[in-house]
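If you want the building blocks of each chain, they are given just below.
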Amino acid sequence: MLRSMLTELRRSSQLQWTLFSVVVNMSLTLAIWIGIYHMEVNSELSKMYFLDDSFNWTTGNPALDGLINGFCTILVLGCVSFVMLAFVLYDFRRIVKSWLTFSCLLILFGVSGQTIYDLFSQIFDQNDENQFILTVALTVIPTVVYGCLGIYAFLANGSLLLHQFFVVSNCSLIAVFYLRAFPKHTTWFVLWTVLFWDLFAVLAPMGPLKKVQEKASDYSNNILKFLMFAAEDKRESAGMDMAQDSQENLNDERKLRKDVKELIQLYSKQDEKDDEFLQKIRQRRNAINPDSGSTAHSPMVTTEPSPIVLKEKNSDEELFDNESDTTESSSESSTSSESVFSSSDVSTAAECAPEEWNELIHQQNEFDQNDATVTAADALNDGETVRLGFGDFVFYSLLIGQAATGGCPISVGFAAFGILFGLIATLTVLSSEESTTPALPLPVICGTFCYFVSRFLVDSIQEFWG
């Protein structure tokens, strides 16, 4: 297993870039958590929502407080997930998009602005009016710039690298917010309860994430920018191969239209009064719709075609008749699609007005474009792009930030190694193209295990040499 993991790691540039992004995310979290907040919990924020023995709202047992806090946190997360699932299942698409957009803007302007203010409030004396104004100015300007660039990355056609940057930075800001809100021992319980929640949400038949994926075909792949980190830019081309494969089986209508158009262009250059030409066109019309009557002036019919059973052609038939058989077979299969081909859609330029002919061409172009639309389901099932959810980044950083509160840099390094090892194993050994694999459980297990084992060894060595 280790050999296959190393081989895949050396081969896949996407996997290498994903691991690098996770490392940057954890490093940025530590920089903010240690450099700005000095690993101190916001007691006012904790007192509002959680049990803790540092104030009167407690059970008296720190472990029990942490367990209750973790359970309540997952309960809230589950309620929010199922509410979002209800909106998705009942096609409240505007509410879903508005929810995701509002959450993104709240992080871009709200959480980032608070973090920047906390940074400059430590540098300048807030009791001095001039320095207070300077603090406000230095907070507003970077926040506006950061937020506007974030809007371009998430809501506009920003570059992939810019989107990845904001995914990493936003997830770090959220992780630090949780670190400041959770009491001392709560984070470990939250991490392990989230671990089981992630397994249920992704793998269980009624899991919210699994049910949401079943509705992914109803949304554009652009919505994934609010939910996932993509190691490679497949937003424009993800799922195109799959869409082309489905077109080969399901778009006989388009093939038939193309064949008929080519036939019209071939013979429209000839003399329409040529008896042989008119006879062959009428034969083609009768093969498509035997119930229609022939006209003396139009080589094509203008009625809805009816399905027919084709007879095998003799080997000595003309090439044109063989070509007709191929097109006729396509017309039979097209009757199983949602839209039925109408021969009224096809005419020669001489038989209809220029406006009508241009409208037919325009409709055909729209038909082609709609077939090529890439949905969120296509992007998720492309089997090529390495993707991680925003929550994965957040909880990786949450684990590292909590490990840092122990005051042992060696244990923090081992925790980071455990996270990366678990992530590599998840993306190389456990993942498959047929289904989504939870990327949170194994990294959290490995990271927690490496942290506590290394912490025990370090403490034992210090006691031995102490």
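Residues numbered from 1 in each chain as written. Predicted model: local features only at pLDDT ≥ 70, side-chain atom pairs only at ≥ 80, totals over all residues. Heavy atoms only, no water.

So, unusual backbone geometry
Then, number 1: The phi angle at M39 is positive, at roughly 55°, despite the residue not being glycine.
Then, number 2: Among the secondary structure elements, M39 is positioned in the loop between α2 (13-35) and α3 (43-49). (Helix = DSSP H or I, 4+ residues; strand = E, 2+ residues; numbered from the N terminus.)

Comments concerning the packing of aromatic side chains
Then, number 1: Here the structure, examined in full by the defined rule, presents 20 aromatic pairs.
Then, number 2: Measuring from ring centre to ring centre gives 5.1 Å for F165 and F166, while their planes differ by 80°; the resulting arrangement is edge-to-face.
Then, number 3: Relative accessible area serves as the criterion here: at 47%, F165 is assigned to the partly exposed category.
Then, number 4: Put simply, the rings of Y146, F154, F165, F166, F226 and F390 pair up and form one aromatic cluster.
Then, number 5: Above the ring of Y219, the side-chain terminus of R93 is found at 5.8 Å from the ring centroid. (Phe/Tyr/Trp six-rings, centres within 6.5 Å; stacked < 30°, edge-to-face > 60°. Buried < 20%, exposed > 50% of the residue type's maximum accessible area, 1.4 Å probe, protein only. Lys NZ or Arg CZ within 6 Å of the ring centre and 35° of its normal.)

Topic: helix α5 (residues 93-123)
An α-helical turn contains 3.6 residues, so any two residues separated by three or four positions project in the same direction.
Then, number 1: The terminal C-alpha atoms of α5 lie 45 Å apart, and with 31 residues this matches the ideal 45 Å at 1.5 Å per residue to within 8%.
Then, number 2: Of all the bends in α5, the largest measures some 35° and sits at I107.
Then, number 3: Among all positions in α5, only V96, L100, C104, I107, L108, S112, G113, T115, I116, D118 and F120 are buried. (Expected span 1.5 Å × (residues − 1). Bend = angle between axes of the 7 residues up to and from the residue.)

Some details on a nonpolar patch on the surface
Then, number 1: On the surface, a nonpolar cluster with roughly 590 Å² of combined accessible area is contributed by M1, L2, F417, F421, V429 and L430.
Then, number 2: For M1, the location among the structural elements is in the segment before α1 (2-11).
Then, number 3: Looking at M1, the relative accessible area reads 59%, which means it is exposed. (Patch = residues over 30% accessible without salt bridge, like charges linked within 9 Å, V, L, I, M, F, W, Y side chains within 5 Å. Areas by Shrake-Rupley, 256 points an atom, 1.4 Å probe, with all protein chains shown as cover. Salt bridge = Lys/Arg side-chain N within 4 Å of Asp/Glu carboxyl O.)

Here we look at the packing of helix α4 (residues 62-89) against helix α8 (residues 186-203)
Then, number 1: Axis separation between α4 and α8 bottoms out at 8 Å; the angle between their running directions is 35°. For the element pair α4 and α8, the recorded crossing hand is right-handed. On α8, the residues that touch A63, G66, L67, N69, G70, T73, I74, L77, G78, S81 and F82 of α4 are T186, F189, V190, T193, V194, W197 and F200.
Then, number 2: Here the contact of α4 with α8 is built from residues that sort into 10 nonpolar, eight polar and no charged. (Axes fitted to C-alpha atoms, helices over the stretch in contact; angles between N-to-C directions. Left-handed = near helix turned anticlockwise from the far one by under 90°. Contact = heavy atoms within 4.5 Å. Nonpolar A, V, L, I, M, F, W, Y, C, P; charged D, E, K, R; others polar.)

Notes on helix α17 (residues 409-430)
Then, number 1: With 22 residues, α17 should cover 32 Å at 1.5 Å per step; its first-to-last C-alpha distance of 30 Å lies within 8% of that length.
Then, number 2: Within α17, burial applies to S411, V412, A415, A416, G418, I419, G422, L423, I424, A425 and T426.
Then, number 3: Where α17 is buried, its residues contact α1, α2, β2 (387-389), α16 (390-404) and α18 (441-465).

A few points about the environment of L15
Then, number 1: Position of L15 relative to the elements: it lies in helix α2.
Then, number 2: The class for L15 is buried, based on a relative accessible area of 3%.
Then, number 3: As a C-alpha pair, L15 and T385 span 370 residues in sequence and 9.4 Å in three-dimensional space.
Then, number 4: Ignoring any residue separated from it by four or fewer positions in sequence, one finds L15 in contact with E8, L9, V386, L427 and T428.

Let's talk about the confidence of the model for the chain
Then, number 1: The share of residues in the chain with pLDDT of 70 or more is 69%, and the mean pLDDT across the chain is 77.
Then, number 2: The least confident element of the chain is helix α13 (residues 319-334), whose mean pLDDT is 44; the most confident is α2, at 95.
Then, number 3: Segment residues 234-246: pLDDT under 50, and 26 contacts once partners within four positions in sequence are set aside and those in other chains are kept.
Then, number 4: Of the regions scoring below 50 in pLDDT, residues 367-372 engages in nine contacts with residues more than four places distant in sequence or in other chains. (pLDDT = per-residue confidence, 0-100.)

Here's the deal with the environment of I36
Then, number 1: Its location among the elements puts I36 in the loop between α2 and α3.
Then, number 2: With sequence-adjacent residues up to four places away left out, I36 is seen in contact with A31, T115, D118, L119 and Q122.

So, the pattern of salt bridges
Then, number 1: Summed over all chains, the structure comprises four salt bridges.
Then, number 2: A salt bridge links E8 to R11, with the nearest nitrogen and oxygen atoms 2.5 Å apart. Placement of the pair is E8 and R11 together in helix α1, with a separation of three residues, close to one helical turn.
Then, number 3: In this structure R11 comes out as exposed when scored by relative accessible area, which is 60%.

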